[in-house]
Every structure is written in structure tokens, then in C-alpha cells.
Amino acid sequence: MNRTMAFVARKSFPYEKPSTWFPGHMHKTLKKLQSLSSKTDILVEVRDARIPLTSRNFAVESILRNKNRIIVYNKCDLAVPCEKSLSTFRDEMAHLQQSFQCMQDWCQQSQRVTFKTVDASAYVSSIPLYAKKLLKRIRNMSVHGLTSNERVHVYFVGMPNTGKSSILNSLRHVSLRRSKAAITGNHPGVTKHFSEVVRLLDDAEVFMLDTPGIMTPSIAAPEDMLKLSLVGCVKEGLIDSVTLVDYLLFRINLVDPSIYSKWSLPTNDVDEFLENVAQKTGKLSKGGGYNDSTVAAYILQTYRSGKLGRFLLDPTDKPSVELRLQRELIKSQKK
Ligand SMILES: Nc1nc2c(ncn2[C@@H]2O[C@H](COP(=O)(O)OP(=O)(O)OP(=O)(O)O)[C@@H](O)[C@H]2O)c(=O)[nH]1
């Protein structure tokens, strides 16, 4: 039997560090979001489609629950390989939404709080069709809540680097043909303050605001930090890059080890993997050594640009989702 056929992937990845990343500007943002009171405001919550559960910020759930909310699963181009799987993804997200709804119904009965309609959609910020659909949703929601000259503010909220500013820019471009209003960047924490108010519609008083990305003050499970770091929601360097590549290797092996066949035979050994990648990409020194951080950074960059498999890092089956929501509930009650 050859090595590829005999390969057995690891079943678990032990990781116990319960750290989070919650600098001062996130704390301020959380407080400011808490003070928003207008009934007509709309919150567009941007999540990363690769981690639909982990990029759900349970710390802001209590803030968002009385608001008109649209959930956007952005970066679908990095999470699902083709249009066919996009429709499966949409079904999975609809199912997820039902689970969230069940939890909300439970909270509603036990804690006497109310939730407004939540609308969820898949998104890719560079595709105008998605922007047009989102624009239509926002228009319907705003016009519904408007009286004469009342203003509607649309806030873009979510974890760092999920694409909030990019979505704001794409909407503005599609609606008004205007150029970028928000600064974007390929690392987390680019937006540090609430942005200026910018117009979204020219025939109604609907305006948009970008807000800084916020993480949760504590995390529901230690593995969350690995996932958030892998997709780039967390500051670079917080988790060692070789550990991240090891986790990525673990996750790819569960999906399909042939994803990295151009570099290496299937392996569970991160050192062997790094060495093979270094060799195949010309990163070995004359003496045969390699810099593991440089090779790890290259692998992470390849994954983040969608060139190393497109798959979800969160399980979306019913028992996993329920377990996840229970954990979140316990965490948010402990605060
Ligand atoms: N592949 C892909 N990349 C995207 C998408 N949307 C945004 N990006 C990229 O993701 C990175 C982060 O985008 P931003 O719009 O700055 O994200 P943000 O949520 O405003 O970031 P913070 O300021 O950290 O809160 C940028 O490099 C964007 O080009 C998408 O749909 N697909």
C-alpha cells in the first residue's frame, strides 16, 4: 500500500490557551454600540464565511437583539469552491439561522427580551450583484421604518478584517457610483474609530457608518483563536505561525490531503511539511536548512488567498451548532 492510501489524519488538535485579543479601541466600540438607541437604525453584521459560527460575536448579541439586523457571510469566494457549493452553503447558513432563532426564542421566553427580524446572506465584496441584493434589502428595511424626513443609519459591525469597510465601499459604489469612503487593508484592526457618516441612497435619508472590528472579550473555546488567526481576524504574531500551520495541516488533512500534493505527500508532521514546502518552493538554504517562520508565513498567505483549499473551519451540523450556542450562552452569562 502506498503512503497516500495508508495515511490516517489526526482526529484532534490539542490546544488549551484561552487567550483573546481585545485592545482598548474594541472596548470603546462595544460601549459605543451599546449606546445606540434609534429604533430605525440598521446593523449589518459581517461574519467570515469560512468561520460562520466563530465569527459570530456573542458579546454583541445582547446589543444587536433589539435592532434591525442583516447578517452577511462575507468572503464566500474563500470558503466555498464553486457556485454549486455556494447553494449548499446558503442552505447551511439558513439552517444555522434557524438554530440561532431557536436560541433566541428560548432567551425570549426565559429572559423576556425581544428580537427583530434577522436576515442572512452569502457575500463577496468585489461582486456587484451581491451589493445590489444587499442594497435592496437595506432599502426595504429602511423605508419600512422611516417616517417623512427621519434618518436611518446603517452601521457595519463585526469581527476585525471580515470586510466591513469593503462592503460599505461596494454598496456606495453600486448605489451612488461614488469612490471609496472607508479605508480597507489586509490586516485586522485597520478601522480604529467610528467613521464619518456617508450617504448610501440619493432618494432617501439613509446613511452608513463603518465601525472598528471587535473580538469577544473572552472566547467560547480555545480552538476559536486558531481559527480566527488562520483567517486573519486576529493580530499577526499573537499565535506562533508554525502552530498555525500545524493547525491548518490538521484541518486540511480532515478535508483532503491532496490539496497540498504539489508540495508534499500526506503528513501529520508539521516539520516534515515545512521542509517539503521549503524544498518545493526554493526556500532551502545552500546548507539544506530553512527558516520555519518564513515558510510558515508563505503557507498562511497561500491559504488566506484561497489557493490552498476552500472549506469551512466550523462544523455546521445540528449537534455541533447546539453545543457551540450552549457554550456561548454560558460564557455570556458568566460576564
Ligand atoms: N477574498 C475576499 N477578500 C475580501 C472580501 N471582502 C474583503 N476582503 C479583503 O479583506 C481584507 C479586509 O477588508 P476590510 O474591508 O478592511 O475589513 P474590515 O472588516 O473593515 O477590517 P477592520 O478594519 O480590521 O475591522 C482586505 O484585504 C479586503 O480586500 C471578499 O469578499 N473576498
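Bear in mind the structure is a predicted one, so any value in this text is a computation, not a measurement. (Residues numbered from 1 in each chain as written. Predicted model: local features only at pLDDT ≥ 70, side-chain atom pairs only at ≥ 80, totals over all residues. Heavy atoms only, no water.)

### Brief notes about the domain arrangement of the protein chain
At step 1: What the domain assignment reports for the protein chain is domain 1 (24-210) and domain 2 (232-312).
At step 2: Across the boundary between the two partners, domain 1 contributes 15 residues, which contact 11 residues of domain 2.
At step 3: Each partner contributes to the roughly 980 Å² buried at the junction of domain 1 and domain 2, and carbon and sulfur atoms together form 57% of this total.
At step 4: Looking only at domain 1, the three residues that lose the most surface to domain 2 are Arg50, Leu78 and Pro188, adding up to 48% of its buried area.
At step 5: At the boundary of domain 1 and domain 2, one finds zero salt bridges.
At step 6: There are three residue pairs in polar contact (both at pLDDT 80 or more) connecting domain 1 and domain 2. (Domains from an automatic or database assignment. Contact = heavy atoms within 4.5 Å. Buried area = accessible area lost by both parts, 1.4 Å probe. Salt bridge = Lys/Arg side-chain N within 4 Å of Asp/Glu carboxyl O. Polar contact = N/O pair within 3.5 Å; in protein donor to acceptor, adjacent residues only side chain to side chain.)

### Thoughts on unusual backbone geometry
Negative phi characterises most residues that are not glycine, and trans characterises most peptide bonds.
At step 1: Despite not being glycine, Lys75 has its phi angle at roughly 65 degrees, a positive value.
At step 2: Mapped onto the fold, Lys75 is located in the loop between strand S2 (68-74) and helix H4 (76-79).
At step 3: Under the relative-accessibility criterion, Lys75 is labelled buried at 18%.
At step 4: The backbone of Arg177 shows a phi angle near 60 degrees, a positive value even though the residue is not glycine.
At step 5: When you line up the elements, Arg177 lands in the loop between helix H7 (164-176) and strand S5 (198-199). (Helix = DSSP H or I, 4+ residues; strand = E, 2+ residues; numbered from the N terminus. Buried < 20%, exposed > 50% of the residue type's maximum accessible area, 1.4 Å probe, protein only.)

### Some points on a negative patch on the surface
At step 1: Taken together, the side chains of Asp240, Asp269, Asp271, Glu275 and Asp292 define an acidic patch exposed on the protein surface.
At step 2: Tracing the chain through its elements places Asp292 in helix H11 (residues 292-304).
At step 3: When its relative accessible area of 36% is taken as the criterion, Asp292 is described as partly exposed. (Patch = residues over 30% accessible without salt bridge, like charges linked within 9 Å, V, L, I, M, F, W, Y side chains within 5 Å. Areas by Shrake-Rupley, 256 points an atom, 1.4 Å probe, with all protein chains shown as cover. Lys, Arg positive; Asp, Glu negative; His and termini not counted. Charge placed at Lys NZ, Arg CZ, Asp CG, Glu CD.)

### Re the packing of helix H10 (residues 270-280) against H11
At step 1: It is the contact of H10 with H11, at a shortest axis distance of 10 Å, that shows an interaxial angle of 80 degrees. Classified by the interaxial angle, the pair formed by H10 and H11 is roughly perpendicular. Facing Phe273, Leu274, Val277 and Ala278 of H10, the residues of H11 in contact are Asp292, Val295, Ala296, Tyr298 and Ile299. (Axes fitted to C-alpha atoms, helices over the stretch in contact; angles between N-to-C directions. Parallel < 35°, antiparallel > 145°, perpendicular 65-115°, else oblique.)

### Side note on the packing of aromatic side chains
At step 1: Counted by the stated rule, this structure contains nine aromatic pairs.
At step 2: Taken together, a centroid distance of 5.6 Å and an interplanar angle of 35 degrees make the contact between Phe13 and Phe250 tilted. Pair noted here: Phe13 is in the loop between helix H1 (3-6) and helix H2 (24-34) and Phe250 is in helix H9 (residues 241-255), with a separation of 237 residues, a long-range link. For the pair shown, Phe13 and Phe250 are each scored as buried.
At step 3: Among the aromatic residues, ring-to-ring pairing joins Tyr260, Trp263, Phe273 and Tyr298 into one connected group. (Phe/Tyr/Trp six-rings, centres within 6.5 Å; stacked < 30°, edge-to-face > 60°.)

### Some points on the pattern of salt bridges
At step 1: Applying the stated criterion to the full structure yields 10 salt bridges.
At step 2: Put simply, Arg50 and Asp48 hold a salt bridge, and the shortest N to O gap is 2.7 Å.
At step 3: Residue class for Arg50 comes out buried when judged on its relative accessible area of 1%.
At step 4: Three or more residues are tied together by salt bridges with common partners; here these are Glu45, Arg47 and Arg69.

### Some remarks on the UniProt feature "binding site: GTP" (unreviewed entry) in the protein chain
At step 1: The positions that UniProt labels "binding site: GTP" (unreviewed entry) are, in the present scheme, Asn74, Lys75, Cys76, Asp77, Asn161, Thr162, Gly163, Lys164, Ser165, Ser166 and Gly213.
At step 2: Within the element layout of this structure, Cys76 appears in helix H4.
At step 3: On the basis of relative accessible area, Cys76 is assigned to the buried category, the value being 1%.
At step 4: For Cys76, the contacting residues outside a window of four places in its chain are Ala49, Leu86, Phe89, Ala122, Tyr123 and Val124.
At step 5: Mapped onto the secondary structure, Ser165 falls in helix H7.
At step 6: Overall, Ser165 belongs to the buried group, its relative accessible area being 9%.
At step 7: Apart from the residues within four sequence positions on either side, Ser165 is in contact with Ala182, Ile183, Thr184, Thr191 and Asp210. (UniProt positions renumbered as here; feature names shortened; annotations may be inferred.)

### Let's talk about the site of the ligand
At step 1: Taken together, 21 residues are adjacent to the ligand, and Ser125, Lys164, Ser165, Ser166 and Gly189 come closest.
At step 2: A distance of 2.7 Å is found between a nitrogen atom of the ligand and a side-chain nitrogen or oxygen belonging to Ser125.
At step 3: Take Lys164: an N or O atom from its side chain is 2.6 Å from an oxygen atom of the ligand.
At step 4: For the ligand, whose accessible area on its own is 660 Å², the fraction buried by protein is 85%.
At step 5: Going through the elements one at a time, H4 and H7 are the ones with two or more residues in the shell around the ligand. (Near = heavy atom within 4 Å.)

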